[in-house]
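The chain contents come next:
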Protein chains: 2
Amino acid sequence: MHDTSPASAPLAGATDKRTSILRAAMTLIARNGFHGSPTAMIAAEAGVGAGTLYRYFADKDALIVAVHREVETRLNEWLQKDYPFGQSIRRRLDHYFIGLLRFFIDHPLEFKFLGQFYDSPYGVELRRDKIFSKPVGDAGCETIRGLLEQGVAEGIIKDLPLVLLFALFIGALTSAVRDHTHGFIDLHDGLQRRLADAFWDAIRQ
Amino acid sequence: MHDTSPASAPLAGATDKRTSILRAAMTLIARNGFHGSPTAMIAAEAGVGAGTLYRYFADKDALIVAVHREVETRLNEWLQKDYPFGQSIRRRLDHYFIGLLRFFIDHPLEFKFLGQFYDSPYGVELRRDKIFSKPVGDAGCETIRGLLEQGVAEGIIKDLPLVLLFALFIGALTSAVRDHTHGFIDLHDGLQRRLADAFWDAIRQ
DNA sequence: GGGGGCGGAGTGAATGTTCAGTCCGATCCT
DNA sequence: AGGATCGGACTGAACATTCACTCCGCCCCC
């Protein structure tokens, strides 16, 4: 089985095919789910032959995992922009909350893909890691988990299990975004703020 | 296409097969998802022949919809038990919040099934209806939507769009239950209470 | 003994994956 | 320099597998 790293990928403009395939896969999976996205369809959408897919990825699973990695990398970069180092815990949590809201609203396909991914066998383990240990920011950046922990220690956040605080965070966030992408509501800036405030009210001491 | 109502089902003890199939379908779909639950496997789990399945349901879709109806009926009955008519809005909302928590904790398979269902093409429309118009309680019972509406009108709940209030409700709830069923936390009675309190803090004026 | 619920091998469609061949650009040989 | 050779990225038709669904004979019960 070959790797998915650029090292083993063909040179020059050929890399465009890899990204074409990644984008096509994300788009179709977001729209139709894993099983509504046959490899033939992904290849067609990407404008490559059915076999080409297997020159870049060992199998469909590897492709899906690669899409996930790529999306998460972009998400992490997005979250690190303008990170309010040194400011209050609430402000830093707000940065994550609104940052995630904005990213998902601006990138609905990425949102739907991640939703599919984390609800599949692929993602459950990752989810566990994310809550318990792994940083959301790639390197050097504080984690949501760390901020919640610190807030609890300082007595400004309710002394609930971290997992529950995180559930409030991610649950409110994803439900609201889902309603937005389904067209049930328009999550404009003002509502984003008020939702973040409501979340803060939920967890503050 | 034939119906799934008992009227058209075979008589006598044969109904046991119908419920066997329903239970088997729910169990396998909860565990492996729709695509990971071939009809042959469902039939085997139910202890019937592969063809028998089609004596009770027109096709796999009809079976899935029937499972959903059956689960929701039981959920509604559960929620109507001990409904605190006439008590404060907070208490009535609490009844729903903790009632749903308990039901899902006591019935993890039902929870996972509903999660799969509402994230699939089957359920999106139903989700929309549930938020916008349909009652959760079957008949005569107040709806979560109605309670939130009333709370907003009385000025004791934040004046946010109903959809967002509902997103806070269902998002916090489902995220917490998911963490519980994944074994990340033990949502005992005390935590259930404190989570309900946190939710109330999020939406109260 | 006969009729209807039942079983499970069978069927055709669809899907993931492969592989023999094509094509294009680089490299080498004269 | 220019033609011959080669390498390997790319293709897409073919293959093996899986799935939802059907069909016909069995068998149990009246």
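Parameters and conventions
Residues numbered from 1 in each chain as written. Chains lettered and ligands numbered in written order. Predicted model: local features only at pLDDT ≥ 70, side-chain atom pairs only at ≥ 80, totals over all residues. Heavy atoms only, no water. Helix = DSSP H or I, 4+ residues; strand = E, 2+ residues; numbered from the N terminus. Contact = heavy atoms within 4.5 Å. Buried area = accessible area lost by both parts, 1.4 Å probe. Salt bridge = Lys/Arg side-chain N within 4 Å of Asp/Glu carboxyl O. Polar contact = N/O pair within 3.5 Å; in protein donor to acceptor, adjacent residues only side chain to side chain. Phe/Tyr/Trp six-rings, centres within 6.5 Å; stacked < 30°, edge-to-face > 60°. Buried < 20%, exposed > 50% of the residue type's maximum accessible area, 1.4 Å probe, protein only. Lys NZ or Arg CZ within 6 Å of the ring centre and 35° of its normal.

Comments concerning the overall build of chain A
No. 1: Along chain A, the regular secondary structure elements total ten helices and zero strands.
No. 2: Mapped from its N terminus to its C terminus, chain A presents α and β elements in the order α-α-α-α-α-α-α-α-α-α.

Side note on the interface of chain B and chain A
No. 1: With 32 residues of chain B at the interface, the matching set in chain A holds 32 residues.
No. 2: At the boundary of chain B with chain A, total buried surface from both sides reaches about 3100 Å², with 67% on carbon and sulfur atoms.
No. 3: Linking chain B with chain A are two salt bridges.
No. 4: The residue B:Lys158 makes a salt bridge to A:Asp201 at a minimum N-O spacing of 2.8 Å.
No. 5: Here chain B and chain A share six residue pairs in polar contact (both at pLDDT 80 or more) between them.
No. 6: Contributing elements (two or more residues each) for the side of chain B that touches chain A: α7 (121–132), α9 (162–181) and α10 (189–203) of chain B.

Section: the packing of aromatic side chains
No. 1: On inspection of all chains with the given rule, the structure shows 22 aromatic pairs over all chains.
No. 2: Between B:Phe97 and B:Phe169 the ring centres are 5.4 Å apart and the planes differ by 85°, which places this aromatic pair in the edge-to-face class. Placement of the pair is B:Phe97 in helix α5 (residues 89–106) and B:Phe169 in helix α9, with a sequence separation of 72 residues. For the pair formed by B:Phe97 and B:Phe169, the shared burial category is buried.
No. 3: Measuring from centroid to centroid gives 5.7 Å for B:Phe117 and B:Tyr118, while their planes differ by 85°, and the two rings are edge-to-face.
No. 4: Of the residues examined, B:Phe117 reaches a relative accessible area of 1% and is grouped as buried.
No. 5: Overall, the relative accessible area of 19% leaves B:Tyr118 in the buried class.
No. 6: Taken together through their ring pairs, the aromatic side chains of A:Trp78, A:Phe103, A:Phe104 and A:Phe111 make up a single cluster.
No. 7: Seen from the ring of B:Trp78, B:Lys81 lies directly overhead, with NZ or CZ sitting 4.6 Å from the centre.

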